[in-house]
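# Per-entry structural report
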Amino acid sequence: SLRYEQILEINHEDRGALLNLNICYHNTNKDIDYILKLKLKIEKIMPENHENLNDISDIFYDKKQFKKSLDYLNTAIKLDPKNAKYYNNRGIVKDDLKDYNKAINDHNRAVQLDSENSSFYNSRAVTKENLKDYIGAIKDYNKAIELNPKKANYYNNRGTVKDNLKNYKEAIED
C-alpha cells in the first residue's frame, strides 16, 4: 500500500493506484476514515462506479449516518437499477430510519430481483417484525432457513418472533 500512496503523492488522480490502494485498505479493514477518504476520491474520479457508491453507503451506515448512506444508495440504484443488493441495503437503512413501509418496498424489490438470496428474506423479515407482521416475518425466516439452513441467526430471529407470539415451545426449539 505504501507504493500506491507514493504514486498518489505524485499524481492525485491515478486511477490504478487509487483503486489498488482502496483494495489494500478495504481488505484489511484498517482506518475506516482513511478508507472513506479513498472512496470519496474514487467517487470524484469515477462517479459512475456504483459498487464504490455502495461501499461509501456501507461506511456511512456503520457510522450511523443513515441519511448519507441512503443518498449514496439512491445514486447507486439509479446507476444499476437491477442490483438486488442495493435495494436490500437501502431497505435496511430505511428500516433503521423507521420508514418501514418504504423499507418493505425495497426488500420486496430485492427478493423480486434475486429470490435465491437468503439474506434478503432475513432483512425483509426484520422489517416485517418491526411492522408487527409476525406471521409474515416467520414466513420470510422460514424461506431464509430453507435457502441457508446453516445460518444460526435466522433461527434465533425466528425464535424471537415466535416468542412475541407467545409460542414459547417453538421459540425454544429455534
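Keep in mind the model is a prediction, meaning the values are calculated, not measured.

### A look at the environment of Asp 106
- Within the element layout of this structure, Asp 106 appears in helix α7 (residues 100-113).
- Between the C-alpha atom of Asp 106 and that of Gly 91, which follows or precedes it by 15 residues, the distance is 5.0 Å.
- If sequence neighbours within four positions are ignored, Asp 106 has contacts with Tyr 87, Asn 88, Arg 90, Gly 91 and Lys 94.
- For Asp 106, the side chain forms a polar contact with the side chain of Lys 94, separated by 2.9 Å.

### Topic: the nonpolar core
- Grouped together as the largest cluster of nonpolar side chains are 19 residues, with contacts concentrated most on Leu 36, Ile 56, Phe 60, Tyr 72, Ala 110 and Phe 120.
- Taken together, the elements giving at least two residues each to this core come down to α3 (32-45), α4 (50-62), α5 (66-79), α6 (84-96), α7, α8 (118-130) and α9 (134-147).
- When residues of this core are assigned to their parent elements, the largest contribution, 4 residues, is made by α4.
- The residues touching Phe 120, leaving out its near neighbours within four places in the chain, are Ala 84, Lys 85, Asn 88, Ala 110, Val 111 and Asp 114.

### Focus: the pattern of salt bridges
- Inspection of the entire model under this criterion finds 8 salt bridges.
- A salt bridge links Lys 63 to Asp 33, with the shortest nitrogen-to-oxygen separation between them at 2.6 Å. Here Lys 63, found in the loop between α4 and α5, pairs with Asp 33, found in helix α3; they are 30 residues apart in sequence, far enough to count as distant.
- Judged by relative accessible area, which is 31%, Lys 63 ranks as partly exposed.
- Here Asp 33 falls in the partly exposed class, since its relative accessible area comes to 44%.
- One salt bridge connects Asp 55 with Lys 39, and the closest N-O pair in it is separated by 3.0 Å. Within this pair, whereas Asp 55 is found in helix α4, its partner Lys 39 is found in helix α3, the two being separated by 16 residues in sequence.

Parameters and conventions
- Residues numbered from 1 in each chain as written.
- Predicted model: local features only at pLDDT ≥ 70, side-chain atom pairs only at ≥ 80, totals over all residues.
- Heavy atoms only, no water.
- Helix = DSSP H or I, 4+ residues; strand = E, 2+ residues; numbered from the N terminus.
- Contact = heavy atoms within 4.5 Å.
- Polar contact = N/O pair within 3.5 Å; in protein donor to acceptor, adjacent residues only side chain to side chain.
- Core = buried A, V, L, I, M, F, W, Y, C linked by side-chain atoms within 4.5 Å.
- Buried < 20%, exposed > 50% of the residue type's maximum accessible area, 1.4 Å probe, protein only.
- Salt bridge = Lys/Arg side-chain N within 4 Å of Asp/Glu carboxyl O.

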